[in-house]
Amino acid sequence: MKKKIVAKRRPSWDEYFLEMAHLVSKRSTCLRRSVGAVLVSEKRILATGYNGAPSGLKHCVEIGCMRQKLKIPSGERHELCRALHAEQNALIQASLHGISVKGATLYATNQPCVICAKMLINAGIKEIVIADGYPDKMSADFLKQAKIKIRKI
């Protein structure tokens, strides 16, 4: 008797790297939003990042969220946060290890904020693939002006 071979559905590259971003986001120490980012070039992971306090400093999960206490809405007053964003941490990790991200694609669980968008523009990121939006119209406008393609999967 012949065994029937059942074709297994493999995820597309976009699905694969976006799922990696979701996995990375599980390391987040933010109490309000867990974000993960993966920088990719030629189907190879260059660096990852999640949102959390700088190395060696206490995380919000340990001491509470200043933004929550001050009732600051999402997408506003980014400077009043002890955490770095996932995109920032991914860029910093690449830099620490001497990895160029010029021409790379960013896979992220959320659309970058305007601060991250400016960094991504200057780092030479060519495309951003996201799972979800973020309430920051200026970010979307900047990325459009810089001709960085954004795709939501």
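Residues numbered from 1 in each chain as written. Predicted model: local features only at pLDDT ≥ 70, side-chain atom pairs only at ≥ 80, totals over all residues. Heavy atoms only, no water.

A. Expanded view of the pattern of salt bridges. Using the criterion set out here, one finds six salt bridges in the structure. A salt bridge links Glu15 to Arg9; the shortest N-O distance between them is 2.9 Å. Taking the relative accessible area as the measure of exposure, Arg9 reaches 63% and is therefore exposed. Between Arg77 and Glu79 there is a salt bridge; the shortest N-O distance is 2.6 Å. Arg77 sits in the partly exposed class, given a relative accessible area of 45%. With a relative accessible area of 52%, Glu79 lands in the exposed category. (Salt bridge = Lys/Arg side-chain N within 4 Å of Asp/Glu carboxyl O. Buried < 20%, exposed > 50% of the residue type's maximum accessible area, 1.4 Å probe, protein only.)

B. Expanded view of helix 4 (residues 86-96). For helix 4, the full list of buried residues reads Ala86, Glu87, Gln88, Asn89, Ala90, Leu91 and Ala94. The inward-facing, buried residues of helix 4 contact strand 1 (36-41), strand 2 (44-50), strand 3 (105-110) and helix 5 (114-123). After helix 4 finishes, the residue Gly98 shows a positive phi value of roughly 70°. (Helix = DSSP H or I, 4+ residues; strand = E, 2+ residues; numbered from the N terminus. Contact = heavy atoms within 4.5 Å.)

C. Structural context of the pairing of strand 4 (residues 127-132). As paired elements, strand 3 and strand 4 share five bridges and run parallel to each other. Residue pairing across strands places Tyr107 opposite Val129, the latter belonging to strand 4. Where the polypeptide runs from strand 3 across helix 5 and back to strand 4, its parallel neighbour, the crossover connection is right-handed. Note on the crossover from strand 4 through helix 6 (residues 137-145) to strand 5 (residues 149-152): the handedness is right-handed. (Pairing = 2+ DSSP bridges. Right-handed = clockwise from strand over helix to strand, strands pointing away.)

D. Here's a closer look at the environment of Ala146. Tracing the backbone through its elements, the reader meets Ala146 in the loop between helix 6 and strand 5. Since its relative accessible area comes to 30%, Ala146 is described here as partly exposed. In sequence terms Ala146 and Gly124 are 22 residues apart; their C-alpha atoms lie 9.8 Å from each other.

E. Local environment of unusual backbone geometry. A positive phi is found at Lys71, a non-glycine position, where the angle reads about 55°. Mapping Lys71 onto the fold places it in the loop between helix 3 (66-69) and helix 4. In the Ramachandran plot, Lys147 falls in the positive-phi region, its phi being about 60° despite a non-glycine side chain. Structurally, the position occupied by Lys147 is in the loop between helix 6 and strand 5. Exposure remark for Lys147: the relative accessible area of 73% places this residue in the exposed category.

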